[in-house]
Every structure is written in structure tokens, then in C-alpha cells.
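A look at the structure
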Amino acid sequence: MFLLKTWRKTAFGVYGYLNFTKSGFMEHSKSFKPEDMQISLEGKNCIVTGANSGIGYATAEGLASRGATVYMVCRNKERGEAALSNIQSTTGNQNVHLEVCDLSSVSEINSFASKLALKQVPVHVLVNNAGLLEDKRVTTSEGFELNFAVNVLGTYAMTELMVPLLEKAAPDARVITVSSGGMYTAPLTTDLQFNDGKFSGLEQYARNKRVQVALTEKWAEMHKDKGISFYSMHPGWAETPGIAKSMPSFSNSLSGKLRTSEEGADTVLWLALQPKEKLESGAFYFDRAVAPKHLMSAATSSSHTVIDSIISNLHSIATLAS
């Protein structure tokens, strides 16, 4: 097991350095088609979680600049208001709204979903961007490990509760979940809250991101006849406030080599804009292309068989917490 973990981290490090940095984006962008991004989103309703900074902010701004009605879901009211004002000012789009909601709380997610449901708003695009890497073990007021609560339970609850509103936007509805290349280092595990062994925030984050990719696969299968498509993606290694705070040594060691938030958000926007026939529901995307979900010899692919058990567990947890 030690050798396998070492191999996963080594393979991820090499693959990442070659592909996930700014230089990787510049190389891959040579094949990008500018016309792919010149599509209007007028009349479309988009939800972006964690939208006050970093990739979430760049995504919300990109959607708003193309005419979408955007709902920015943010935990902090003051930072959210500042981001909202900036986006309205830079894009000239006043159909941008702030929704204050703590994504670590199932109860708050339920309240937000109920509020939107009362308005009967069709949801064309849901971007599950909010993420967290907390190195110490912290428990939420609802009793859940914090990383899991935001990255997995929050993503699960938000998506499941939005399905009725996504169906209203069918057949053009889509869910885009911002995962991470860190998931390459972790197989899927039913130990969702890291109860076994010494807690590691970095390893928990990688596990959480693996769950997001497996959930996307399963959701695509479950909802294939409902006109809702599901995509997960990796933004590359971007220089965001979240990375600077949670991984300062990583951020410092790659100073000048990390992507901008806009470069990190590029594939999120691309997935939101493309005709669905060009895309593969359930796939994992990186730099506007389908990417592998597993690295060679990393022994992570067979672990996806436990996703049904994980979904059953998440359903029970979310129901109890609501």
C-alpha cells in the first residue's frame, strides 16, 4: 500500500507539472477555438457556488458577460456583495444576484433550494465550484467533518435539490462540478469522513474530489432520460485565494507557474456554452477535452464500484441533516 501511494503521488506530480501549470494551459490553448466562447447565454439561469473569489468569481463573471442571469451562492455576505457589485459593474449585467448560503450546512442548502423552488426558476447551468481544504479536523454544527461537508455532502445536496429545477430547463440543463487533479492520488472509499487512520486534510481533499468524479458518472447514468447532463472537470493548478491559504508552500514553490483564475475557469465556461451533442455526459474534462479519470497503474478505477453504497449513505445523511 505504501508503494502504491508513493507511485500515485509521483505519477500525479509528474503528470501535473507537465499539464496543470500555466505552461500546460498555454500549450493546450493552441488548439482552442475562439468561436466556442462566443455564445450568448441570454435567457439562461445559472447558479455558481463559491462565487465570490477565484475560479467561482471568474466563472460567474464569464457567465454574466454572456448575458446569463447568475445566482452567486456565497457563504460570506460582505465578500459576496463586493463580488456582486464588481461583476455587475464590469459586465453591465444587472441580472446577477447574491444568495448567502453556507455550503457546509445541509439545512442552509435546503433553505436556498426551497426559496428558488418557490420562484419556479428553471436552472440551465449549476456550477458546483465551492470547495475547501482544511488541514485540521474540524466538525460542523451539523456534526460532519468540514472538508466532507463542503466538498461532498454540500455538492450532493445542492445537486439533488436542484434536479426538479434543472428538469424545467431540459433538454439543455447541465451540472458542472469543479473537481481537482488531486483525485488522481486517491481511490474511492466509503470512509467519507476519514474516521480511520490519522487525519490528513490533503488526503481528505483528494478523496472528496474522487467522490465528485464518481458522483458525476452516476448522476449522468441516473438522469440520462431527463434532459440533464453532468460533467466534472479539473481547472489545473490555479493561483487562487483558496490555494494560497490552504496550500501556501505549494503556491510559493510554483510562484509564477500557476494558472490565473480565468484560465482555471476556462473549461467551466466552455462546458456551460457548448451544444450538448459536442459533450459527453459523465465525463471528466480538462482544458476543453475529455481527460482520463485514472492514472496508469494507480489502481483507482475498480474503486468506483462502491459509489452506490456512498450515494445511499449520502442520501441518509442529507435526509437526517435537513
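Residues numbered from 1 in each chain as written. Predicted model: local features only at pLDDT ≥ 70, side-chain atom pairs only at ≥ 80, totals over all residues. Heavy atoms only, no water.

The name given to the protein chain in an unreviewed UniProt entry is Short-chain dehydrogenase, putative, with the source organism recorded as Ricinus communis.

1. Let's talk about the pairing of strand β2 (residues 69–74)
In terms of burial, β2 is largely enclosed, as six of its six residues are buried. A two-sided burial pattern is seen for β2, the buried positions comprising T69, Y71 and V73 on one face and V70, M72 and C74 on the other. Across five bridges, strand β1 (residues 45–49) lies against β2 in parallel orientation. Residue C46 lies in a different strand from β2, and its bridge partner there is V70. What joins β1 to β2 is helix α3 (residues 54–65), and the crossover it makes is right-handed. Pairing between β2 and strand β3 (residues 96–100): five bridges, direction parallel. Considered in β3, the bridge of C74 is made with V100. The parallel pair β2 and β3, bridged by helix α4 (residues 77–91), forms a crossover whose chirality is right-handed. (Buried < 20%, exposed > 50% of the residue type's maximum accessible area, 1.4 Å probe, protein only. Helix = DSSP H or I, 4+ residues; strand = E, 2+ residues; numbered from the N terminus. Pairing = 2+ DSSP bridges. Right-handed = clockwise from strand over helix to strand, strands pointing away.)

2. Some remarks on the pattern of salt bridges
As a working rule, side chains carrying opposite charge can pair if their charged atoms are close by. Considering all chains together, one arrives at 14 salt bridges under this definition. Here the salt bridges do not stand alone but share partners, grouping K44, D172 and R174 into one network. (Salt bridge = Lys/Arg side-chain N within 4 Å of Asp/Glu carboxyl O.)

3. Details of unusual backbone geometry
In this chain, A170 is followed by P171 through a cis amide linkage whose omega measures 10 degrees. Positive phi, close to 55 degrees, is recorded for Q120, a residue that is not glycine. Positionally, Q120 belongs in the loop between α5 (106–119) and β4 (125–128). Here F194, not a glycine, exhibits a phi torsion of approximately 55 degrees, which is positive. Following the sequence through the fold, F194 ends up in the loop between β5 (173–178) and α7 (201–222).

4. A word on the nonpolar core
In this structure, I47, L116, M162 and L314 are the most contacted members of the largest nonpolar core, which totals 45 residues. Sorting the residues of this core by element identifies β2, α5, α6 (146–168), β5, α7, β6 (228–234) and α11 (307–321) as the ones contributing at least two each. Ranked by residues supplied to this core, first place goes to α6 with eleven residues. Beyond its immediate stretch of four places on either side in the chain, I47 contacts Y71, V73, F112, L116, V123, V125, L126, V127 and M162. (Core = buried A, V, L, I, M, F, W, Y, C linked by side-chain atoms within 4.5 Å. Contact = heavy atoms within 4.5 Å.)

5. Re the side chain of K293
Here K293 shows up in the loop between β8 (289–290) and α11. Using a relative accessible area of 18% as the deciding quantity, one classes K293 as buried. There is a polar contact of 2.8 Å between the side chain of K293 and the side chain of E217. At 2.8 Å, the side chain of K293 forms a polar contact with the backbone oxygen of G282. Setting aside anything within four residues of it in sequence, one finds K293 in contact with M183, Y184, R210, V213, E217, G282, A283 and F284. (Polar contact = N/O pair within 3.5 Å; in protein donor to acceptor, adjacent residues only side chain to side chain.)

6. What about α5?
Note: α-helices contain 3.6 residues per turn, so residues at a spacing of three or four share the same orientation. In this model α5 runs 20 Å from its N-terminal to its C-terminal C-alpha over 14 residues, within 8% of the 20 Å that 1.5 Å per residue would give. For α5, every residue scored as buried is listed here: V106, I109, N110, F112, A113 and L116. Relative to the axis of α5, the buried residues are bounded by an arc of 165 degrees and lie together on one face. The secondary structure elements touched by the buried residues of α5 are β1, β2, β3, α6 and α11. Q120, located one to two residues past α5, shows a positive phi value of around 55 degrees. (Expected span 1.5 Å × (residues − 1). Arc of directions from axis to C-beta.)

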